[in-house]
Structures are given as C-alpha cells and as structure tokens.
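Architecture and fold: a report
Spelled out, the chains give:
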Amino acid sequence: MVSGDVRRRRFLQLGGATLAVGAAGCLGDGSGNGSSSGNSSSSGNGDGAGTTDTPAYAKWVTTVDSDVSFSYLDLAALDELESDDENSSGGSDSLEDIEDPMLRLPLAGGLSATFAAGFGLSGSGLGGLVGDQQTSGTSFETSIDDLLVTNGTIVLSGDVVTEEIDGELTTVPEDSFAEIEFEHTTDVRGYAVYEPAGDQQATTTLAVTGEVIVQGSGRTAVERVIETEQGDRARAADEHETFRRLLSTGGHGQMVFGGYSPDGFDGADSGQSSSVSSSGFQLEAFSGLNGAVSSLSFSESSSATGETALVFDELDETGRADVESVLGKDGSDVSVNFDGPFVSASATFADDALENA
C-alpha cells in the first residue's frame, strides 16, 4: 500500500529525483477505493468546476510564437501536508507506466518543473530555495510559496529577502566548483537584474524583488514574463480564449501542467526540462490535441482530486470513446463532459491509486 501524504520535498529533491520518489508519496495513508466506479459521461458546457476565473499564476504566462507551455507547483500548500518518509517506496518506475492522464500529466509537469528549477538555479547557489534545504545543506531566510516554469523561464514567488539573495549571487564560496559569480547590472521595471560577472560565457539572468525571483536563459526571456505580469505584453489567456477556458477549467490545483498551440500540442516540446522524458506528456488517446491543462490537489484526508481540460482540433465518436476510456481510469467519482471538441473531467484518487501503477 502506498502511504505518505504529499510534502514539498517529495517533488523537490533535486538531482536523482524519480517518479518513485515523487509519485509514491503523493497519496495519503487512509483507506479508499481506487477503482473507476462511478464514472459518468455527459454532453455539457465543459466548464469543469464551474469557475470562469483563471488561476493567479496565469498573469505570468504569455505565448512564444503563438504557443504556450507551463508547469506550476503550489509549494506552500504542498509543504503543509505531512509525509511518512519511511514508507514511501513502491509506485511506478517511469511516467509511461501511469496510464491515467489525470495523474500522469500533472505528475510529469511537477517533476519537470522541479528539474528545470534545480538546473536553472544550480549555478547561482539558489537551488536550495526550491529543494530540500535539510538535504542540500543550505538554509535561507527567503521562503518560496509558488514555483512556475513557463516557456522555460522560472518564476519563484514568496517572501524574498533581497539582501540575502544579493549576497548569494555576488559571492561564490571558495570550495565551489559549479557556482558562478553574478553582478547587479541594472534595474528593470522595479527588479534588480543580475547577470554573470566578468567575461563568463554563461547567459543566465535573474531578476529580483521582495516578492519574486525570475530566472531565464537571458534578459529577453526574463523581461518577457515581467512585462506579461505587469500588463505590457499580452497574456496567453487573453490572446487565446480557448487557453483561458482550459485554465479556468483544469488549472486550479496544487500541481498543474498545461500547454496550448493552435497548430497542435502533444507535450513533447513542453519547454520545461530535458531531464524528464517528453513521453511522460504524450498519450496515444490524445491524437489531434490542441491544448491540455491538468491538475491535482491533495488533502489531509488521504485523497487527491484531479481536474483536466482538453481541446482537440476535432473529436468524433471514436475519439470521444478513446478519451473517455482513459480519463480517470485509476480514480473514483469520475465525471467526463464533452462540448464539441472541448473535454472536461474530474475524479477523486484514493491512497491506493498508484499501488499498481
């Protein structure tokens, strides 16, 4: 039996994190029925939970060449859940072994975001902000509540002690072989911008305020998400009404993965991290997919709820049957709704949902 509620460190053990580490600790140690009983299907408005509001993190998400991808983790909420670390083995060895997309997609997104943040922050000495500080040997006064990776750029939100971050970025320990020295080069839109000092070849750029740290492959990428949040660049939810609907239906969770492209989205180019196989995002039943947003939320009552929204270029009867056959197959209280090519689904996952994954 899989046991142990989600705790932040389950998903944020940078370097060597595997699905067995992440997924095995996802669901609690109470009892429950993980069968697919109670599956219902209907034609409706596809509005999922019934909300028309996009989640707060959507203000950072823009398109790049008309496409968008993101992964989000509510670290503060996950950190409140206790974990039985001594009994968290088992589960699947790979994402491909999880057939239910309502589990597989957000788990893949969560692991991908974790790897991306760990890799992106490793050279700056800030990796411990999103990892397990006890394991990494680092300690920060700065606390991070939310992790968003959008189109390859990292956004960390929380209580940022700017003097602490400045000291970490501009000072490299003598015994360090991986960290590079940064310098405060300019201020942009209220953010202190840090770039590699001297003639170093690295292109990593960070922008820091008292509430946010943004990291990207260069100043252009960093400024893009800042401009989006400040309303000076079109947000993806405003540019694509379909993407807004996907977010509003499936994006209100503690662990979320999503993406959209009017020309077709298969998750392979998720923009997150090459450390997580793109096959973790791909599912055979999703041929002709244009967008997906899938989330999980965990509770202290040993259960998780999933919300998923999908949109296809077109969806015939055979396609509907294929999609319905996989959505929520490892859950209970499953509801699948169709509104033309738009699909919304919800399900509850008990503590044994991953036992045989």
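What you see is a predicted model; the values in this text were computed from it and never measured.

Considering the confidence of the model for the protein
For the protein, the mean per-residue pLDDT works out to 78, and 70% of the residues sit at or above 70. Overall, residues 1–51 carries pLDDT values under 50, and its contacts beyond four positions in sequence, including any with other chains, amount to 168 contacts. A low-confidence stretch, residues 269–279 stays under pLDDT 50, and its non-local contacts, those more than four residues away or across chains, total 29 contacts.

Overview of the nonpolar core
Among the nonpolar cores identified, the biggest contains 54 residues, and Leu 147, Leu 156, Phe 286, Leu 310, Leu 327 and Val 343 are the most heavily contacted of them. In this view, Leu 310 contacts Leu 246, Phe 286, Leu 289, Gly 291, Ala 292, Val 323, Leu 327, Pro 341, Phe 342 and Val 343; residues no more than four positions away in its chain are not counted. With 29 residues, the next largest nonpolar core counts Val 225, Phe 243, Leu 246 and Val 293 among its residues.

Topic: the side chain of Thr 205
By the element assignment, Thr 205 lies in strand β7 (residues 205–208). Taking relative accessible area as the criterion, Thr 205 reaches 1% and is therefore assigned buried. Leaving out residues up to four positions away in the same chain, Thr 205 has contacts with Val 193, Tyr 194, Glu 195, Val 214, Gln 215, Gly 216, Gly 218, Arg 219 and Val 222.

Concerning the pattern of salt bridges
Scanning the entire structure with this criterion turns up seven salt bridges. Where Lys 329 meets Glu 99, a salt bridge forms, and the shortest distance between an N and an O atom there is 2.7 Å. Note that Lys 329 is positioned in the loop between α10 (317–326) and β12 (332–339) and Glu 99 in the loop between α3 (75–79) and α4 (101–122), a separation of 230 residues in sequence. With a relative accessible area of 30%, Lys 329 lands in the partly exposed category. Taking relative accessible area as the criterion, Glu 99 reaches 48% and is therefore assigned partly exposed. Salt-bridge contacts for Asp 232 lead to Arg 189; the nearest nitrogen and oxygen are separated by 2.5 Å. Of the two residues, Asp 232 sits in the loop between α7 (219–229) and α8 (236–239) while Arg 189 sits in the loop between β5 (182–188) and β6 (191–196), which places them 43 residues apart along the sequence. Taking relative accessible area as the criterion, Arg 189 reaches 37% and is therefore assigned partly exposed.

Thresholds applied
Each residue is numbered by its place in its chain's sequence as written, counting from 1. Owing to the predicted nature of the model, reporting of local features is limited to residues with pLDDT of at least 70; listing and counting of side-chain atom pairs is limited to 80 or more, with chain, interface and lining totals taken over all residues. Heavy atoms throughout the structure, all of them, feed into the side-chain values; hydrogens and water do not. pLDDT gives the predictor's per-residue confidence on a scale running from 0 to 100. Any two residues having at least one pair of non-hydrogen atoms within 4.5 Å are treated as being in contact. Take the buried residues of types Ala, Val, Leu, Ile, Met, Phe, Trp, Tyr and Cys, join any two whose side-chain atoms come within 4.5 Å, and each joined set is a nonpolar core. Any residue under 20% of the maximum accessible area for its type is buried, any over 50% is exposed, and the rest in between are partly exposed; the area is computed with a 1.4 Å probe on protein chains only. Every helix listed is a DSSP run of H or I at least four residues long, and every strand listed is a run of E at least two residues long, numbered separately from the N terminus. Between Lys or Arg on one side and Asp or Glu on the other, a salt bridge is scored when a side-chain nitrogen of the former is within 4 Å of a carboxyl oxygen of the latter.

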